[in-house]
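One letter stands for each residue in the lines below.
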Amino acid sequence: MSSIYFESNSNLSVTERGRRVSSTSAIESPIAPLAMPGLILGLILLGLGVVGLLRLSDWVGNYGSVLVVLAYFLYMAAAASLMLWGAATVRSLHRR
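Residues numbered from 1 in each chain as written. Predicted model: local features only at pLDDT ≥ 70, side-chain atom pairs only at ≥ 80, totals over all residues. Heavy atoms only, no water.

**Some details on the packing of helix H2 (residues 35-51) against helix H4 (residues 65-95)**
Between H2 and H4, the least distance of the axes is 7 Å, while the angle of their chain directions is 150°. As the angle between them shows, H2 and H4 are arranged roughly antiparallel. As for the relative orientation of H2 and H4, their crossing is left-handed in sense. Facing H2, whose interface residues are Ala35, Met36, Gly38, Leu39, Leu41, Gly42, Leu43, Leu45, Leu46, Leu48, Gly49 and Val50, H4 presents Tyr72, Tyr75, Met76, Ala79, Ala80, Leu82, Met83, Trp85, Gly86, Ala87, Thr89 and Val90. Residue composition of the contact of H2 with H4, by class: 19 nonpolar, five polar and no charged. (Axes fitted to C-alpha atoms, helices over the stretch in contact; angles between N-to-C directions. Helix = DSSP H or I, 4+ residues; strand = E, 2+ residues; numbered from the N terminus. Parallel < 35°, antiparallel > 145°, perpendicular 65-115°, else oblique. Left-handed = near helix turned anticlockwise from the far one by under 90°. Contact = heavy atoms within 4.5 Å. Nonpolar A, V, L, I, M, F, W, Y, C, P; charged D, E, K, R; others polar.)

If you want it as structure tokens, here you go:
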């Protein structure tokens, strides 16, 4: 059975059908009020990640380089993405 969705009576062209499903803007998002706390938390987590560089060599000696480096990069990526999301959402909320 095919998994393609087809509207037989649709007046939209093929290219307009893709535009119909769009993400909500930052203003309409129900989690937009969490942008400022997310920005602050992201900055704090990034700061703690930089401070964690001091102990990184000890952790590499105890737990292995692959595990520690992978965990550190995943942590920093999550903190950076939270901070960037918060900054972009706060900026778009204050632009309107």
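**A word on the side chain of Thr89**
Its place among the elements puts Thr89 in helix H4. Separated by 2.8 Å, the side chain of Thr89 and the backbone oxygen of Trp85 make a polar contact. (Polar contact = N/O pair within 3.5 Å; in protein donor to acceptor, adjacent residues only side chain to side chain.)

**Focus on the pattern of salt bridges**
Applying the stated criterion across every chain, the model contains one salt bridge. In this structure, the salt-bridge partner of Arg55 is Asp58, at a minimum N-O distance of 3.6 Å. With relative accessibility at 45%, the residue Arg55 sits in the partly exposed group. Under the relative-accessibility criterion, Asp58 is labelled partly exposed at 40%. (Salt bridge = Lys/Arg side-chain N within 4 Å of Asp/Glu carboxyl O. Buried < 20%, exposed > 50% of the residue type's maximum accessible area, 1.4 Å probe, protein only.)

**Brief notes about the confidence of the model for the protein**
For the protein, per-residue confidence averages 83 on the pLDDT scale, and residues scoring 70 or more make up 71% of the total. Least confident of the elements in the protein is helix H1 (residues 14-20), whose mean pLDDT is 53; most confident is H2, at 96. (pLDDT = per-residue confidence, 0-100.)

**Remarks on the packing of helix H3 (residues 56-63) against H4**
Direction vectors running N to C along H3 and H4 enclose 135°, while the axes themselves pass 7 Å from each other. One finds that H3 runs oblique with respect to H4. Contacts from Leu56, Trp59, Val60 and Tyr63 of H3 reach H4 at Ser65, Leu67, Val68 and Tyr72. Grouping the constituent residues of the contact of H3 with H4 by class yields seven nonpolar, one polar and no charged.

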